[in-house]
Each structure stands twice: as C-alpha cells, then as structure tokens.
Amino acid sequence: MGKYENKTNNEYGLAGLILTGKGYISSFMFEGCRIYTKIRQDLEEAKIDNIIAQIYLGLKDNEDQFYRVKYLSTERIEEIMDLLDKKIENNRNKIKKEKERKHKFG
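The structure reproduced in this document is the subject of the present report.

Rules behind the numbers
Residues numbered from 1 in each chain as written. Predicted model: local features only at pLDDT ≥ 70, side-chain atom pairs only at ≥ 80, totals over all residues. Heavy atoms only, no water. Helix = DSSP H or I, 4+ residues; strand = E, 2+ residues; numbered from the N terminus. Expected span 1.5 Å × (residues − 1). Buried < 20%, exposed > 50% of the residue type's maximum accessible area, 1.4 Å probe, protein only. Contact = heavy atoms within 4.5 Å. Phe/Tyr/Trp six-rings, centres within 6.5 Å; stacked < 30°, edge-to-face > 60°. Axes fitted to C-alpha atoms, helices over the stretch in contact; angles between N-to-C directions. Parallel < 35°, antiparallel > 145°, perpendicular 65-115°, else oblique. Left-handed = near helix turned anticlockwise from the far one by under 90°.

## Considering helix α2 (residues 74-105)
Across its 32 residues, α2 extends 46 Å between first and last C-alpha, which sits within 8% of the 46 Å expected from 1.5 Å per residue. Listed in full, the buried residues belonging to α2 are Arg76, Ile80, Leu84, Ile88 and Asn91. The secondary structure elements touched by the buried residues of α2 are β2 (24-30), β3 (33-36) and α1 (43-57).

## Observations concerning unusual backbone geometry
Within the chain, Glu31 stands out as a residue other than glycine whose phi angle is a positive 55 degrees. With respect to the helices, strands and loops of the structure, Glu31 is situated in the loop between β2 and β3.

## Side note on the packing of aromatic side chains
Applying the stated criterion across every chain, the model contains one aromatic pair. Consider the rings of Tyr12 and Tyr24, whose centres lie 5.6 Å apart with planes at 80 degrees: the pair is edge-to-face. Separated by 12 residues along the polypeptide, Tyr12 in the segment before β1 (17-19) and Tyr24 in strand β2 bring together distant segments of the chain. Like Tyr12, the residue Tyr24 is buried in the burial classification.

## A word on the packing of α1 against α2
For the pair α1 and α2, interaxial distance at closest approach is 10 Å and the crossing angle is 60 degrees. One way to sum up the angle between α1 and α2 is to call them oblique. Like other packed secondary-structure pairs, α1 and α2 cross with a definite hand, here right-handed. Here Glu45, Ile48, Asp49, Ile52, Ala53, Tyr56 and Leu57 of α1 lie close against α2, whose contacting residues are Arg76, Ile77, Ile80, Met81, Leu84, Asp85 and Ile88.

This is a description of form; function is not addressed.
Here it is as structure tokens:
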C-alpha cells in the first residue's frame, strides 16, 4: 500500500488515523490540501490528537467520541491547534505562490 500501512482506518475507529513506519498520525483534507498531525508512538495519544483535530477543523466523522477531550488540559489542546494552524497557513502560502507563478507564466 505504499508509504502508509492502513488506508481504511477501520481498525482504529477514527477517520484519518493511520499507521506509518514511524508511528500513528492523522491525515485530513482541509481547503483542498492534506494536513497531518504529529507522529505519535502511543495509539491513544494519536487518537486524542485526531479527535482534537476533527473538532478544530469542524469535522464530524467521529462526533460520538468528542467527549474524550472534555477534561484535557488547555495546553494539550492548544498544542494540536497551533500545529494545525501552522500547517494550514503553510498550505495557504503554497497555494498563493502557485497561483502567482501561474499568473506570471500563464
């Protein structure tokens, strides 16, 4: 299956959660670009990252599990939100640069 061992995500019960050779990450499409959470060795930590990301990105795939983050520290939640903000901003900058390049060279 290429780089990722699990594409169906059914095994973990969360949309976007996949196992790579280095650990668990979550992959989401947002504004036409793919963004990833941090690689985690611990599956439960990766699941928490996934749920935080779903909530933050406005996804509802696993809404029934959103309760799991209710008592997390603000620092833990902000860690994931900050990471996602950086990745989203990087993607927006890449798209902007690509549009500028296309405009210049038609």
